[in-house]
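Inside the fold
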Amino acid sequence: MPAISSSPLEYRWLALMLAGVTLVFGTMSVATPVDDAFIIYRYAERWASGDGLTFNDGQHVEGATSLTWTVLLTLAARLGFLVASASTFLSLVTLVGTFVSLDWAMRGLRVRRGIRLGTLALFSLSTLQFKVTLFGLEFGLFALLLSLLTVYLGRLVDSGSQSDGATAALLAIVGGLLFLTRPETVVFLPGIYLVLMLHRVWRPSETAFSVKTANLALGGFFAIVLGATILRFSVFGQALPQSLAAKSPSWAALATRQGILQQLEWVRDGGRYFAAAYLRNPALAAILLLAIWLAFRGRRSLQLAVIGLPILFHHAVVIWAGGDWMPFDRFLSVFQVLFLLLFALVSEELLTHGLRPSLGLSGAVLGLVYVLANLTQAPPAWPPSLTRPVTGDHLYGLVGESLRARWREGDILLPEAIGRIGFVLPQATILDPESLVSPEIALQPDAFRSIYGRSHWPYALAQEPAVVLIHSLFDNRKGRTIVAAIENGYSCLLYTSPSPRDLIAHLVCRLLLEKGGGGGGGGGGGGG
């Protein structure tokens, strides 16, 4: 099957059209930010107004995972922009930037124009990635940095033996920004460096990169990581954001038999998370398997490795953490740009070595399955959905607005989801039951770890919050603890249904709870 060809001028016009499709479909993916996005929004507004990088007055806790995204939104707030609007605008900018850097990466990897256009067309229909990008969180920036990382890794791999200081500096900067955007990516560059060195020993005739450039890049990256870690210790007193530490296994627990068994259950749950995600988007599984097969056959093995390794490294981290709860399989969908790069390389290799018509048809079917998986699971909508009045995060916001004029200074609010209500009720001191911004809860010896964080409801309720706002009572221990606290007169209980996490779990059986509960007071759609 011959390769699809186009002139440089035709290519530019077609690529520009596909960039327009990307922007249109990205805009049609705009929706209400997820509850966790409002955590960053509150940090950004407080920092911009002079309250420091804090969620509550005087409490220096890094409850936002992405320092880079928080800084960008803080700058937007300082310039007078609405934080939520700035988040949407910047996310769309990163989406277009990812499109452009995907093209750069394929050019650097010497992928022919026809395959590049086909890959860009697939990206322009990657609505799952667009939905994740428009969460209001850092994932658009994360995908952009991933694609830029492949651009400069491609330059390194093809640099020959001559040292290139500019490439080393850019690799270090992009790797450092990735770490500041998602700290678990600290393993990306060191892991890729190790693979480069092993490949140099294993297949020296196929390896033509500058070791000095790689050493400079890794050294610069470690300098950025060290500086960021020192800054975190000096401001927050810990090396990682609390939002990650709360969800991570403790080394003390792993030293016990029970802790090891529990961690094995987490690994099982993490494996199930990706198995289900790949079943929903089987084209990604096929692309990854084809890339691994070609890499072991020795064809473009180094290029395939440096692009595929970040995917595999991050899979290992998420599996270790037990999976994820957010919609649209975010920890798979955000990597679609790297999957598409692998698709382009695999297609180029098969064409170079004589693609049979049957394989060409298989590639077309693979692309069709990819597009259908995206458009059916994350269909674009017009006009963009900016409000979802039937969802729990909106109810949390309404509760916050109703409390705003009546809130007393010094009172504690204990909401099961802290983002939106914390954003609309900035004067409230928020105690987070999942310990993302309340590390003292995570430090309790018998705190319960979940994919949302670490919780210890007896300790949280012992702080005598003025209002407890919940959306689920499926955890019997939590339910008994809350009801006992309310009966002792500690708090006013507000109950919302549905919940901010209804897209995944914790659907509330309102009638069942009303028949079994009563009490609770304070409205919010049901009792106790």
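This structure is a prediction, so every number in the text was calculated from the model and none was measured.

What follows deals with the packing of aromatic side chains. If you walk through the whole model with that rule in mind, you get 14 aromatic pairs. Pairing Tyr 43 with Phe 55 gives two aromatic rings, centres 5.5 Å apart and planes at 50°, and the pair type is tilted. Placement of the pair is Tyr 43 in helix H2 (residues 35-48) and Phe 55 in the loop between H2 and helix H3 (67-78), with a sequence separation of 12 residues. Take Tyr 43: its relative accessible area is 1%, and that puts it in the buried class. Summarising the aromatic geometry, the rings of Phe 142 and Phe 335 are spaced 5.7 Å apart at their centres and angled 90° between planes, so their arrangement reads as edge-to-face. Remark: Phe 335 occurs in the loop between helix H16 (330-333) and helix H17 (336-352) and Phe 142 occurs in helix H7 (residues 139-157); sequence separation between them is 193 residues. With respect to class, Phe 142 is no different from Phe 335; both count as buried. Put simply, the rings of Phe 135, Phe 139, Phe 328 and Phe 331 pair up and form one aromatic cluster. The side chain of Arg 116 reaches across the aromatic face of Tyr 11, ending 4.6 Å from its centre. Across the ring face of Trp 266, the terminal group of Arg 449 is positioned such that the distance to the ring centre comes to 4.0 Å.

Looking at where Gln 336 falls in the secondary structure, it is placed in helix H17. Since its relative accessible area comes to 0%, Gln 336 is described here as buried. Engagement of the side chain of Gln 336 in a polar contact is seen with the side chain of Asn 374, the distance being 3.2 Å. Discounting chain neighbours no more than four positions away, the residues touching Gln 336 are Ser 126, Leu 128, Gln 129, Asn 281, Leu 284, Tyr 370 and Asn 374.

Bringing the packing of helix H15 (residues 301-321) against H17 into the picture now. What describes two packed helices is the angle between their axes and the distance between those same axes. For the pair H15 and H17, the least separation of the axes is 9 Å and the interaxial angle reads 155°. Looking at the two axes, H15 sits roughly antiparallel to H17. Our pair here, H15 against H17, has a crossing hand that is left-handed. Taken together, the residues of H17 that come into contact with H15 (itself represented by Gln 303, Leu 304, Ile 307, Gly 308, Pro 310 and Ile 311) are Leu 338, Phe 339, Leu 341, Leu 342, Leu 345 and Val 346. Tallied by class, residues from the contact of H15 with H17 come to 10 nonpolar, 2 polar and no charged.

Our next topic: helix H4 (residues 83-108). Taking 1.5 Å per residue, 26 residues should reach 38 Å; H4 reaches 36 Å between its end C-alpha atoms and fits that length. Where H4 ends, the next residue or the one after it, Arg 110, has phi of about 60°, a positive value.

Grouped together as the largest cluster of nonpolar side chains are 131 residues, with contacts concentrated most on Phe 335 and Phe 339. Ranked by the residues each element gives to this core, the list is headed by H7, at 14 residues. Leaving out residues up to four positions away in the same chain, Phe 335 has contacts with Phe 142, Leu 146, Phe 188, Pro 310, Ile 311 and His 314. Ile 441, Ala 460, Leu 461 and Val 468 belong to the second-largest nonpolar core, a separate cluster that totals 8 residues.

What counts as what
- Residues numbered from 1 in each chain as written.
- Predicted model: local features only at pLDDT ≥ 70, side-chain atom pairs only at ≥ 80, totals over all residues.
- Heavy atoms only, no water.
- Phe/Tyr/Trp six-rings, centres within 6.5 Å; stacked < 30°, edge-to-face > 60°.
- Helix = DSSP H or I, 4+ residues; strand = E, 2+ residues; numbered from the N terminus.
- Buried < 20%, exposed > 50% of the residue type's maximum accessible area, 1.4 Å probe, protein only.
- Lys NZ or Arg CZ within 6 Å of the ring centre and 35° of its normal.
- Polar contact = N/O pair within 3.5 Å; in protein donor to acceptor, adjacent residues only side chain to side chain.
- Contact = heavy atoms within 4.5 Å.
- Axes fitted to C-alpha atoms, helices over the stretch in contact; angles between N-to-C directions.
- Parallel < 35°, antiparallel > 145°, perpendicular 65-115°, else oblique.
- Left-handed = near helix turned anticlockwise from the far one by under 90°.
- Nonpolar A, V, L, I, M, F, W, Y, C, P; charged D, E, K, R; others polar.
- Expected span 1.5 Å × (residues − 1).
- Core = buried A, V, L, I, M, F, W, Y, C linked by side-chain atoms within 4.5 Å.

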